Amino acid sequence: MTIVGFLVNPIAGMGGAVGLAGTDGRAAEALRRGAVPHSADRAVQALSALRAGDIEWCTCAAPMGEDVLAAAGIDRSTVLYRPAVPTGAADTKAACRAFLDAGVDLVVFCGGDGTARDVFDAVGREVPILGIPAGVKMYSAVFAVNPPAAADLIRRAGEVPCRDSEVMDVDEEAYRSGRLTARLYGYACVPYIAERTQGGKQVFEQQDEERAKNDIAAFIAEIMIPDTLYVFGAGSTTARILERLGLLPTLLGVDVVRNGEVLARNADERTLLALLDEHPRAKIVASPIGAQGFVLGRGNQQISPAVIRKAGLRNLIVVATPGKLAATPLLYVDSGDPALDREVGDSLQVVSGYRIAQRKRVVQTN
Amino acid sequence: MQTKILLDEGEMPKRWYNIQADLPTPMDPPLHPGTGKPAVPDDLRHIFPMELIRQEMSTERYIDIPEEVRDILTLWRPSPLYRARRLEAALKTPAKIYFKWEGVSPPGSHKPNTAIPQAYYNREEGIERLATETGAGQWGSSLAFATGLFDMECTVYMVRSSYDQKPYRKSMMQVYGAECIPSPSEKTRSGQAILDRDPDTPGSLGIAISEAVEDAASHENTNYALGSVLNHVCLHQTIIGQEAQQQLAAVDAYPDVVIGCVGGGSNYAGLAFPFAGDKITGKHPETDLIAVEPSACPTLTKGLYAYDFGDVAGLTPLMRMFTLGHDFVPPAIHAGGLRYHGASPLVSRLAQDGVIRPVAYRQNEVFEAAVMFARTEGIVVAPEAAHAVKAAIDEALRCRETGDAKTILFNNSGHGNFDFSSYEAYFAGKLVDYEYPAELIKESLARLPVTG
């Protein structure tokens, strides 16, 4: 028997249709513009497949969960939290805390990036979380690809492995004014099912994210050149390389290493530029971030166009696990400098194992 | 218009062609793995029969094919040479595309061309059992077929990723009476050592070779048989190229371009060596001999020409060849037969001397070519052979640009009737375009193969 905590952000996804790009703090405005809450529909679709499952449901009252479960035909659930109306971030967090107190095995939420961030704030890595996609933007990698996939993952939550998946912090105010700043906010544990359509081999290479990270780290550690500055971007794959070198990584930030020594931790753009002035021979090791797989830009803003130009684009080494690459058929670049993005070209080599790389297609967002 | 050019059974070549006779200088000798000194025939006697060791080191230009071997080869030989007119039409190329079709053998590939003589010579010297490795399963099922005909036992160590991917190859070996074990296995010390280090390894040809060599060395009645790489294996395959020369001569043609895929190198050697001989000796100095390999395991295009072991455990003699390092475990591409860290010393030597020209392709473009071939010529080729198809198509397209009506010959080394899971993955968009990160490695100079 799996105990699942389930919550809906009833206002998630409303902003998109009425041109608000996110609904954080704008629910009333969205409703006034005629938005219809639809996150519930996506959740009902996912959950109705679980009607007969061996799952004990914990949820929140009325539109924040209970109604959706009932609409999906799941009439036995325990209401652990009653939100104020209209609901907000505080309700999401309070509901998650109630779920944890009740000993849930998995927290399932229906919402967007904002909801993901709130759930992650409350749950952290204590139990796995899983998003049913319903928001305006989905930059976080904690969402199932669609409601049926979510149902499958919930059903098998007890038996499938979890992987580190990025939670992104998207500044909605900036987004509404046409700028996207998506910062890597943290890594949640998310259940996942390895691709099995390709027969034996893909399973070998995708099921074990930890093994893949270790292989990548072993390879990069092996090819590191003395007297060269190494700028390591954010993320758990690059972090594993630093660990391999016996160094302590900044998971969410950029670290700089030279000859086995950390020269800067969680460095900002200015620090990076200064270090590059001092040590012009440099390599940048970065990993695609988020659900879409952004190599440059989102999640790694410190590694700015100026930093990349100084190090030289040809000194960019992209690393990612096969599992991550299978989930992101295309890679994106959005460095903020369209000319630089164009220089990247239409494909990139991505190191995905020990002496193994993949050629991946690249899409420029500008 | 003629599509197939056929030879009578009586026209099948009676001798193998040994390219060692036509090399300007002798091959560098294999080195003993323990002493690092040139290996002598006695070093190999515990795993190979004397006649094969003699062939391995021979510099005679022609070696007779025993009558009993020729009799068995007529089960499918001479193999047909096809003119791929429908492919030519689809490509709108002025080029003439010919292919030698080796998929007509009972196990479905070129491999029995050497499996039969290897089993024969072993039986002649009193050996009762053969141990071997197989990547995609073509070699394993061929040796199973051959040993069955000579009433011998056979144990095949099959690379684990292929064992899971291609269950019917395993069944075929069983039908022929052989035992098939996924490698690495717990049956050998070298397999166990790999599993201790890495229980989830997909395996590799290099690992499976270690297991089979160890099995042979530790059983009195057992010898080892290798399906590619070695000189005598390349020798046995030259029946392909010799037949092709006769068949082309029958229509007054000689190829401008000769193409084959390279894993260990034997099917390539089989087709190309007779033409390479013509090139070296000045009879046809301009022939473009193209060796096609996967980008995931680009031994000839990105490897080093150096002494290296043939296997992961370092049990084989050191051979001078192009290598990516014997510890390299290539990614599990679908062309399992091309996942080998090294390449035949003879093929390597010809690449080093510039006689042949290696190129590398990625998986998706290779399967795209294979699908085009199936839709024009009807044959669903093995993923390995698809590499040769891809290069042939590219050459033909180049001819369309230049207007050059070249004669292109490629070796269609086997059918893909056990490879539909690979085609399915291609259509589902699930094939990964692996690449060997050669520039990163070269720059760091971190990878220098161990040379003993």
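Definitions and cut-offs
- Residues numbered from 1 in each chain as written.
- Chains lettered and ligands numbered in written order.
- Predicted model: local features only at pLDDT ≥ 70, side-chain atom pairs only at ≥ 80, totals over all residues.
- Helix = DSSP H or I, 4+ residues; strand = E, 2+ residues; numbered from the N terminus.
- Buried ≥ 20, exposed ≤ 12 C-beta atoms within 10 Å, placed from the backbone.
- Contact = placed C-beta atoms within 7 Å.
- Axes fitted to C-alpha atoms, helices over the stretch in contact; angles between N-to-C directions.
- Left-handed = near helix turned anticlockwise from the far one by under 90°.
- Nonpolar A, V, L, I, M, F, W, Y, C, P; charged D, E, K, R; others polar.
- UniProt positions renumbered as here; feature names shortened; annotations may be inferred.
- Pairing = 2+ DSSP bridges.

(A) Seen up close, the overall build of chain A. Counting secondary structure elements, chain A contains 15 helices and 16 strands. By residue count, 55% of the 366 residues in chain A fall in the buried class. Partitioning the intrachain contacts of chain A with sequence separation of at least 6 by distance along the chain shows that 65% fall at a separation of at least 24.

(B) Quick look at the packing of helix 5 (residues 112-124) of chain B against helix 6 (residues 138-149) of chain B. All names here are of chain B. The interhelical angle for the contact between helix 5 and helix 6, taken along N-to-C directions, is 40 degrees, at an axis separation of 8 Å. The crossing of helix 5 and helix 6 is right-handed. Touching Pro112, Ala115, Ile116, Gln118 and Ala119 of helix 5 are Ser142, Leu143, Phe145, Ala146 and Thr147, all from helix 6. Its residues assigned to classes, the contact of helix 5 with helix 6 shows 7 nonpolar, 3 polar and no charged.

(C) Local environment of the UniProt feature "modified residue: N6-(pyridoxal phosphate)lysine" (unreviewed entry) in chain B. Residues and elements named next belong to chain B. Feature annotation in UniProt assigns "modified residue: N6-(pyridoxal phosphate)lysine" (unreviewed entry) to the following positions: Lys111. Mapped onto the elements of the fold, lysine 111 is located in the loop between strand 5 (96-101) and helix 5. On the basis of neighbour counts, which here come to 32 C-beta atoms within 10 Å, the residue lysine 111 falls in the buried class. Residues within four places of lysine 111 in sequence aside, it is in contact with Gln138, Trp139, Ser142 and Gly227.

(D) Molecular detail of the pairing of strand 10 (residues 261-264) of chain A. Residues and elements named next belong to chain A. In this structure, strand 9 (residues 255-258) lies alongside strand 10, joined through 3 bridges in antiparallel fashion. Residue pairing for strand 10: valine 256 is matched across the bridge by alanine 264. Here strand 9 hands over to strand 10 after 2 residues, with asparagine 259 in that stretch at a positive phi of 50 degrees.

(E) Quick peek at the sheet that holds strand 4 (residues 81-83) of chain B. All names here are of chain B. Strand order in the open sheet formed by 7 strands is 1-4-5-15-10-11-14, with mixed pairing between adjacent strands. Looking at the sheet topology across the chains shown, the edges are occupied by strand 1 (4-5) and strand 14 (356-361). Pairing of strand 10 (residues 257-261) with strand 15 (residues 407-412) involves 3 bridges; the strand directions are parallel. Residue pairing in the sheet places isoleucine 259 in a bridge with phenylalanine 410 of strand 15. Each of strand 5, strand 10, strand 11 (288-294), strand 14 and strand 15 touches helix 13 (residues 266-280); the most contacted strand, strand 10, lies at about 155 degrees to it.

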